[in-house]
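Survey of secondary and tertiary structure
Here is what each chain is made of, one letter per residue.
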Amino acid sequence: MADDCFGHPRLAAIYDPLDPDRSDLDAYLRMAEGFGARQVLDIGCGTGVFALLLADRGIDVVGIDPAQASVDVARAKPGSERVHWICGDATALPSLQVDLATMTANVTQAIADPDTWQKTLRGAYEALRPGGHLVLETRDPARRAWEEWTRENSYRVTEIPGVGSVESWVQLIDVSWPLVTFRWTYAFAADGQALTSDSTLRFREREEIETDLVTHGHVVQDIRDAPDRPGKEFVFLARRP
């Protein structure tokens, strides 16, 4: 089940305007180019920002996401016909042989259910050709990022063309380790509607993810900092032998 911020049509439509700076994807583009990837599987593609950046570089992309509203937004973007979009998850993929599979942003942590997480890693492995790579990121639990998820730190008003003024903020709801639940609120000035979206992320330790990757056949080649968030996140580079 996708969170409302991805699955509700009105919220999916404003997702990109509320988070326009996607410079976090630059490192993934460099890795795709460094690997010489010609086919990429973008797991948790959301509204398609990364998938379309890859397609702009002539790469064949499969973008998969469980939120139909987000996939609909992706399909409506210029150039979207160059990407094969799937509404679903990596636990039941079609037959693929890609050079690179990615899980950017919060995708890894949003797969909070342990069984689904294991099946996702297995699905990613099976989608890779021999020698293909899996790249994913996750927050370092030791940095306790959720302590900054407050209305005071996050409140903003965004003017969105065709939509109007939207207030948004996040509030921490619960910490039941290793699960952290928070709520985004979106208030639309145009008609006064306020929508909320609750999300739960699973914080996994570095050693846990490394073990899970190896269990499903991946060889962990490197664990890096996220270039745009040094010291806050782990970026795992794994390979299918």
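It should be emphasised that the depicted structure is a prediction, and the values quoted were computed from it without experimental measurement.

Together, Leu172, Val175 and Trp177 make up a nonpolar patch on the protein surface, roughly 260 Å² of accessible area in all. When you line up the elements, tryptophan 177 lands in the loop between β7 (164-176) and β8 (179-188).

Moving on to the sheet that holds β8. Strand order in the open sheet formed by 4 strands is β6-β7-β8-β9, and the pairing between neighbours is antiparallel. Each edge of the open sheet is held by one strand with a lone partner, namely β6 (156-160) and β9 (194-202). Across the sheet, the axes of successive neighbouring strands diverge by a mean angle of 25°, strand direction being ignored. The pairing of β7 with β8 spans 10 bridges and is classified as antiparallel. In the sheet register, aspartate 174 faces β8, and the bridge partner there is threonine 181.

Turning next to the sheet that holds strand β2 (residues 60-65). Two pairing modes exist for strands in a sheet, parallel and antiparallel, and in both the strands are linked by backbone hydrogen bonds. One open sheet holds the 7 strands; their spatial order is β3-β2-β1-β4-β5-β11-β10, and the pairing between them is mixed. Here the strands that pair on one side only, and so sit at the sheet edges, are β3 (83-87) and β10 (219-226). Averaged over all neighbouring strand pairs, the angle between strand axes comes to 15°, with direction disregarded. Pairing geometry for strand β1 (residues 39-43) and strand β4 (residues 98-103), over 3 bridges, is parallel. For aspartate 42, the partnering residue across the bridge sits in β4 and is threonine 102. Each of β1, β4 and β5 (128-139) touches helix α7 (residues 114-127); the most contacted strand, β5, lies at about 145° to it. Its contacts with the sheet put helix α9 (residues 206-215) on β5, β10 and β11 (229-239), and the angle it makes with β11 is roughly 15°.

What counts and how
- Residues numbered from 1 in each chain as written.
- Predicted model: local features only at pLDDT ≥ 70, side-chain atom pairs only at ≥ 80, totals over all residues.
- Heavy atoms only, no water.
- Patch = residues over 30% accessible without salt bridge, like charges linked within 9 Å, V, L, I, M, F, W, Y side chains within 5 Å.
- Areas by Shrake-Rupley, 256 points an atom, 1.4 Å probe, with all protein chains shown as cover.
- Salt bridge = Lys/Arg side-chain N within 4 Å of Asp/Glu carboxyl O.
- Helix = DSSP H or I, 4+ residues; strand = E, 2+ residues; numbered from the N terminus.
- Pairing = 2+ DSSP bridges.
- Axes fitted to C-alpha atoms, helices over the stretch in contact; angles between N-to-C directions.
- Contact = heavy atoms within 4.5 Å.

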